[in-house]
Amino acid sequence: MKFTQFLYKHHIGKAVRYLWQHQRERSILMTKAENILRSMNFPIEDATKFILEQSQYKRKIIENSIKFNNINLKLEDKKYLIFEDHNVLQEGVPQACLLTKTLKINDELPKKIQNLITEIPDNINNLLKRFIYTSVIYDTQQIKLPRLKDPDRPAWVFPRVYGITATRKMHNLSKKFLQLCESLCGLNDAQNKSIVHDGLSSICLEKENYFIKFSLKMDIMMTSLIPLTPIEDVNMNIEFDLPDIIHYIIPLVYLN
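Quick caveat: nothing in here was measured; it's all calculated off a predicted structure. (Residues numbered from 1 in each chain as written. Predicted model: local features only at pLDDT ≥ 70, side-chain atom pairs only at ≥ 80, totals over all residues. Heavy atoms only, no water.)

### Notes on the overall build of the protein chain
Working step 1: Counting its regular elements, the protein chain contains ten helices and six strands.
Working step 2: Buried residues in the protein chain amount to 12% of all 256 residues.
Working step 3: A total of about 23,100 Å² of accessible surface is found on the protein chain, and carbon and sulfur atoms cover 58% of it. (Helix = DSSP H or I, 4+ residues; strand = E, 2+ residues; numbered from the N terminus. Buried < 20%, exposed > 50% of the residue type's maximum accessible area, 1.4 Å probe, protein only. Areas by Shrake-Rupley, 256 points an atom, 1.4 Å probe, with all protein chains shown as cover.)

Below, the structure written as structure tokens:
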């Protein structure tokens, strides 16, 4: 393959090697900076003296002026429950509904959203195809993927495969689809919204002698100044009771 400028952009390792091969032939030019500085009475020190010198750092302990020796905080009276990224919902969607105090009535989209689904124009369909191709096929990420396994031949070792990870594909698709939705809604709707990338959501609640902390990382989140309109009538399905979050949350989180 011919080593062109276009190939440099897609393989930084080859570009670095190519740069070192050409730059190593250049000779070091001796400047007169040291003589000029000495003539101007500037002090000059050898840089290696500061690099090789090992500085001794001393730890400084800052003592708090408030003493808690005579104060009884009684932390045993309250229970602290934490739910973070390393906690796993083993039951899936039903357990997530209990955790978020949500009822799942029908396993389908609401009728208000289904009525919005119409025939997709050709230009939008072509944009969606282009987004999928660039996110799943033409992305330049090359990372070692998990090993392939054959159930019929468990001892067979397949060669390592390099490609695009599933996380990278989902990030690309979500960002491109969200950008397409903003462009279709128009400027008046997009100017009231903002997008947060790689953020941290942390919420603390107190209920029935329990302190509950939710701390989760979010890849992408959209916030809006205008509140969302209800998808369904608030008076529908009133015969169902919302689950008690305290009753179901104790098996989900660990006691701190």
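### With respect to helix α7 (residues 122-136)
Working step 1: Its 15 residues give α7 an end-to-end C-alpha distance of 21 Å, which sits within 8% of 21 Å, the value for a rise of 1.5 Å per residue.
Working step 2: Here α7 has its buried residues at Ile 124, Phe 131 and Ser 135. Down the axis of α7, the smallest arc covering the buried residues is 20°, so these residues share one side. Exposed positions of α7 whose direction lies more than 90 degrees from the buried face are Asp 122 and Arg 130.
Working step 3: The inward-facing, buried residues of α7 abut α8 (166-185). (Expected span 1.5 Å × (residues − 1). Arc of directions from axis to C-beta. Contact = heavy atoms within 4.5 Å.)

### Let's talk about the packing of aromatic side chains
Remark: the centre distance and the inter-plane angle together describe each pair of aromatic rings, the angle taken between the planes.
Working step 1: Scanning the entire structure with this criterion turns up two aromatic pairs.
Working step 2: Between the aromatic rings of Tyr 133 and Tyr 138, the centroid separation amounts to 6.3 Å while the plane-to-plane angle is 65°, which identifies the pairing as edge-to-face.
Working step 3: On the basis of relative accessible area, Tyr 133 is assigned to the partly exposed category, the value being 43%.
Working step 4: Their ring planes at 75° and their centres at 6.5 Å tell us that Trp 156 and Phe 158 sit as a pair that is edge-to-face. (Phe/Tyr/Trp six-rings, centres within 6.5 Å; stacked < 30°, edge-to-face > 60°.)

### Describing the environment of Lys 111
Working step 1: With respect to the helices and strands, the residue Lys 111 is situated in helix α6 (residues 111-114).
Working step 2: With 120 residues separating them in the primary sequence, Lys 111 and Ile 231 have C-alpha atoms 8.7 Å apart.

### Let's talk about the pattern of salt bridges
Pairing is possible between side chains of opposite charge, provided their charged atoms come close.
Working step 1: The final tally for this structure, using the stated rule, is four salt bridges.
Working step 2: Between Arg 38 and Glu 34 there is a salt bridge, and its shortest N-O distance comes to 3.1 Å. Placement of the pair is Arg 38 and Glu 34 together in helix α3 (residues 33-39), with a separation of four residues, close to one helical turn.
Working step 3: By relative accessible area, Glu 34 is classed as partly exposed at 44%. (Salt bridge = Lys/Arg side-chain N within 4 Å of Asp/Glu carboxyl O.)

### Things to note about the packing of α7 against α8
Working step 1: At their nearest, the axes of α7 and α8 sit 9 Å apart, and the two run at 155° to each other. Put simply, α7 runs roughly antiparallel to α8. Seen along the crossing, α7 lies across α8 with a hand that is right-handed. Touching Ile 124, Leu 127, Leu 128, Phe 131, Ile 132, Thr 134, Ser 135 and Val 136 of α7 are Lys 169, Asn 172, Leu 173, Lys 176, Phe 177, Leu 180 and Leu 184, all from α8.
Working step 2: The class makeup of the residues in the contact of α7 with α8 is ten nonpolar, three polar and two charged. (Axes fitted to C-alpha atoms, helices over the stretch in contact; angles between N-to-C directions. Parallel < 35°, antiparallel > 145°, perpendicular 65-115°, else oblique. Left-handed = near helix turned anticlockwise from the far one by under 90°. Nonpolar A, V, L, I, M, F, W, Y, C, P; charged D, E, K, R; others polar.)

### What to know about α8
Working step 1: Taking 1.5 Å per residue, 20 residues should reach 28 Å; α8 reaches 29 Å between its end C-alpha atoms and fits that length.
Working step 2: Every buried residue of α8 is listed here: Asn 172, Leu 173 and Leu 180. Mapping the buried residues of α8 onto a view down its axis gives an arc of 95°, with all of them on the same face. Exposed and oriented more than 90 degrees from the buried face of α8 are Thr 167, Met 170 and Gln 179.
Working step 3: Buried residues belonging to α8 abut α7.
Working step 4: Backbone geometry just after α8 places Gly 186 at a positive phi near 100°.

### Considering a nonpolar patch on the surface
Working step 1: On the surface, Ile 36, Leu 37, Met 40, Phe 42 and Ile 44 cluster together into a nonpolar patch covering about 450 Å² of accessible area.
Working step 2: When its relative accessible area of 36% is taken as the criterion, Leu 37 is described as partly exposed. (Patch = residues over 30% accessible without salt bridge, like charges linked within 9 Å, V, L, I, M, F, W, Y side chains within 5 Å.)

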